[in-house]
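If you want the building blocks of each chain, they are given just below.
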Amino acid sequence: EAQVTQNPRYLITVTGKKLTVTCSQNMNHEYMSWYRQDPGLGLRQIYYSMNVEVTDKGDVPEGYKVSRKEKRNFPLILESPSPNQTSLYFCASGAGAEYEQYFGPGTRLTVT
Amino acid sequence: EDQVTQSPEALRLQEGESSSLNCSYTVSGLRGLFWYRQDPGKGPEFLFTLYSAGEEKEKERLKATLTKKESFLHITAPKPEDSATYLCAVPARSYDKVIFGPGTSLSVIP
C-alpha cells in the first residue's frame, strides 16, 4: 500500500529535550516536506526537500532541522523544543512541488 | 508576495444545497493549483490538480475550475459525508515551497 508514515503519532515532552519525528514514504517520491498546522494559522511549510541531500526552508523553519540522507526518509528534528512548537505536524511526499502531495497521518506534539 | 486566500472561512449547507468555495492566488506563472480535503485530526487528502486557466476536473459531487486569478470548488447536492475542511495550495513562484490557503470548513446538515 502506497503510504507516508510518521512516528510517533502523539508525543508529550518538556522544554529543551531533543526529539525526532520520523517520516517515511514508499512511493519513490523525490519531494518531501514537513508542515505544521495550528488553529487560525492553517498549514505552514517548515522545510522541504527536492531530492536526497537537497533541502530548503519553508515559511516557518526556525527551531527545526531536517536531513535527507535517503530518498524514502525525511526526519524532523527539534533540538531544543519550546512550548510554541506545540502543534500538529504533517509529513508529505510527491513527485515535485508542482504535483500533488500525499500526507502522513500527523504527529500531535505537546511541549510543556 | 505569493499568497493564497480562501472564502468563505466557514460554510453551512443543507443536504442537497449546492454551493461554491473560492480560492484566490497571487502567484504569477502558476505551476499548478491543488485542492485537498481534510477531516478533523487527519492529513489532507488530495482531490484535484489544475494547471491551466479554463481547466475543469470532476469527482462525484465535486467540480474544480481554474481562472487566471482564482479557482472554484463547486459542490453539487452535497451530502453530510462531504463535511470537511477544503484546502487549496499552489507552488511558490520561484521556489519549490508550497503555499496553502487557510481553508474553508464545510458543514452539510442532514
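Residues numbered from 1 in each chain as written. Chains lettered and ligands numbered in written order. Predicted model: local features only at pLDDT ≥ 70, side-chain atom pairs only at ≥ 80, totals over all residues. Heavy atoms only, no water.

Caption draft 1: Seen up close, the environment of A:Val111. Residue and element names in this part refer to chain A. Within the fold, valine 111 resides in strand E11 (residues 107-111). On the basis of relative accessibility, which here comes to 5%, the residue valine 111 falls in the buried class. Separated by 30 residues in the primary sequence, valine 111 and proline 81 place their C-alpha atoms 6.8 Å from one another. If near-sequence neighbours (up to four positions away) are discounted, valine 111 is found in contact with Thr13, Val14, Thr15, Pro81, Ser82, Pro83 and Thr86. (Helix = DSSP H or I, 4+ residues; strand = E, 2+ residues; numbered from the N terminus. Buried < 20%, exposed > 50% of the residue type's maximum accessible area, 1.4 Å probe, protein only. Contact = heavy atoms within 4.5 Å.)

Caption draft 2: Focus on the side chain of A:Gln85. Residue and element names in this part refer to chain A. Tracing the backbone through its elements, the reader meets glutamine 85 in the loop between strand E8 (76-78) and strand E9 (87-94). Classification of glutamine 85 as buried rests on a relative accessible area of 4%. Among the polar contacts made by the side chain of glutamine 85, one reaches the main-chain carbonyl oxygen of glycine 63 at a distance of 3.1 Å. Those residues in contact with glutamine 85, other than ones at most four positions away along the chain, are Arg36, Glu62, Gly63, Tyr64, Leu78, Ser80 and Leu109. (Polar contact = N/O pair within 3.5 Å; in protein donor to acceptor, adjacent residues only side chain to side chain.)

Caption draft 3: A look at the nonpolar core. Among the nonpolar cores identified, the biggest contains 25 residues, and B:Leu33, B:Trp35, B:Leu73 and B:Tyr86 are the most heavily contacted of them. Among the elements that make up this core, the one with the highest residue count is strand E9 (residues 84-91) of chain B (four residues). B:Leu33 has contacts with B:Cys23, B:Tyr25, B:Phe48, B:Thr49, B:Leu50, B:Leu66, B:Ser71, B:Cys88, B:Ala89 and B:Val90, leaving out every residue within four places of it along the chain. Counting 18 residues, the second-largest nonpolar core is a separate cluster that includes A:Val21, A:Ile46, A:Leu78 and A:Val111. (Core = buried A, V, L, I, M, F, W, Y, C linked by side-chain atoms within 4.5 Å.)

Caption draft 4: Here's a closer look at the interface of chain B and chain A. Taken together, the 18 residues of chain B in the interface contact 19 residues of chain A. Overall, the association of chain B and chain A removes approximately 1600 Å² of surface from exposure, summing both partners, and the carbon and sulfur fraction of that is 54%. If you sort the residues of chain B by the area they bury against chain A, B:Asp96, B:Lys97 and B:Val98 come out on top, with a joint share of 30%. Joining chain B to chain A, the criterion identifies two salt bridges. Between A:Glu98 and B:Arg31 there is a salt bridge, with the nearest N and O atoms lying 3.8 Å from each other. Scanning the region where chain B abuts chain A turns up seven residue pairs in polar contact (both at pLDDT 80 or more). Counting residues per element, the ones that place at least two in the side of chain B that touches chain A are strand E4 (33-38), strand E5 (45-50), E9 and strand E10 (98-100) of chain B. Of the residues forming the side of chain B that touches chain A, the biggest block, three residues, is contributed by E4(B). Per-class residue counts for the side of chain B that touches chain A are ten nonpolar, four polar and four charged. (Buried area = accessible area lost by both parts, 1.4 Å probe. Salt bridge = Lys/Arg side-chain N within 4 Å of Asp/Glu carboxyl O. Nonpolar A, V, L, I, M, F, W, Y, C, P; charged D, E, K, R; others polar.)

Caption draft 5: View of the pairing of E11(A). All names here are of chain A. What you see with E11 is a clean split: Thr107, Leu109 and Val111 sit on the buried side and Arg108 and Thr110 on the side with no burial. By the bridge criterion, four bridges tie strand E2 (residues 10-13) to E11 in an arrangement that is parallel. Each residue of the ladder has a partner; that of threonine 13, found in E11, is valine 111. Looking at chain direction, E9 and E11 are connected through three bridges and run antiparallel. Across the sheet, serine 87 pairs through a bridge with leucine 109, a residue of E11. (Pairing = 2+ DSSP bridges.)

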